[in-house]
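Chain by chain, the residues run as shown.
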Amino acid sequence: MTHRNYTTGPATAEMHKQEGDNWKLVLTRDLRHAPEKVWKALTDPKHLREWAPFDADGNLGTTGASVKLTTVGAPKEYVSETKITRAEAPKLLEYNWGGGDVRWELESVGTGTKLTLWAQINKNFIAMGAAGWHVCLDVLEHLLAEDPLGRIVAQDALQFEGWQKLHAEYSQKFGVQAPKW
């Protein structure tokens, strides 16, 4: 499967081991767009439908808001009710998705934004999560540049050669093996 000649870059995420089964994934991107534009893409349901691995039934930009996040393309619909724990536009967004904490940090750098994603993921799925979020952030970059690729998640991602390459790189980098189903 190809997406308009889109190819992924190298595996750049970091992983921090923690106590128990949940580890912390850290992905950083330098974007050419202002934090306000990036913030809107992270919080507005219309924009999330273009790049994120979930649909949101409300805006994620308000601390205390309750929002249902529905995983896209999963074999069985998975809906997670979350409460936005911190929303400080356009700098910081925190919520829980699927049992793991997610934190987005946006730092203004010149005319652009340094975007950092912190995601808590089960160690058995850390390489899959890293590859998935990596591809999602690539799609986000294209969306922000008004060159949308379309969402690449779930089965589309698993069949995408770039995701497979990243999954192998992250598995090796993090010293984990893919789960056997």
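Our subject is the structure that appears above.
**Student:** What's the story with the packing of aromatic side chains in this structure? I'm lost.
**Tutor:** Centre distance and the angle of the planes are the two values used to describe a pair of aromatic rings. Under the counting rule described, the total for this entry stands at 7 aromatic pairs. Relative to Tyr-95, the ring of Phe-54 has its centre 6.3 Å away and its plane inclined at 85°; by these criteria the two rings are edge-to-face. With Phe-54 in strand S3 (residues 54–56) and Tyr-95 in strand S7 (residues 92–97), this pair connects stretches of sequence that are 41 residues apart. Side by side, Phe-54 and Tyr-95 carry an identical accessibility label, which is buried.

**Student:** Please explain the sheet that holds strand S8 (residues 100–109) as it appears in this structure.
**Tutor:** Pairing is antiparallel across the open sheet formed by 6 strands, whose spatial order is S1-S2-S9-S8-S7-S6. Where the open sheet ends on each side, the last strands, each with one partner, are strand S1 (14–16) and strand S6 (86–88). Averaged over neighbouring strand pairs, the angle between their axes works out to 20° when direction is ignored. The sheet contact formed by S1 and strand S2 (residues 22–31) spans 3 bridges and is antiparallel. For Glu-14, the partnering residue across the bridge sits in S2 and is Val-26. The sheet contacts of helix H1 (residues 35–43) involve S2, S6, S7, S8 and strand S9 (112–122), and relative to S8 the element is tilted by about 160°.

Conventions and cut-offs
- Residues numbered from 1 in each chain as written.
- Predicted model: local features only at pLDDT ≥ 70, side-chain atom pairs only at ≥ 80, totals over all residues.
- Heavy atoms only, no water.
- Phe/Tyr/Trp six-rings, centres within 6.5 Å; stacked < 30°, edge-to-face > 60°.
- Helix = DSSP H or I, 4+ residues; strand = E, 2+ residues; numbered from the N terminus.
- Buried < 20%, exposed > 50% of the residue type's maximum accessible area, 1.4 Å probe, protein only.
- Pairing = 2+ DSSP bridges.
- Axes fitted to C-alpha atoms, helices over the stretch in contact; angles between N-to-C directions.
- Contact = heavy atoms within 4.5 Å.

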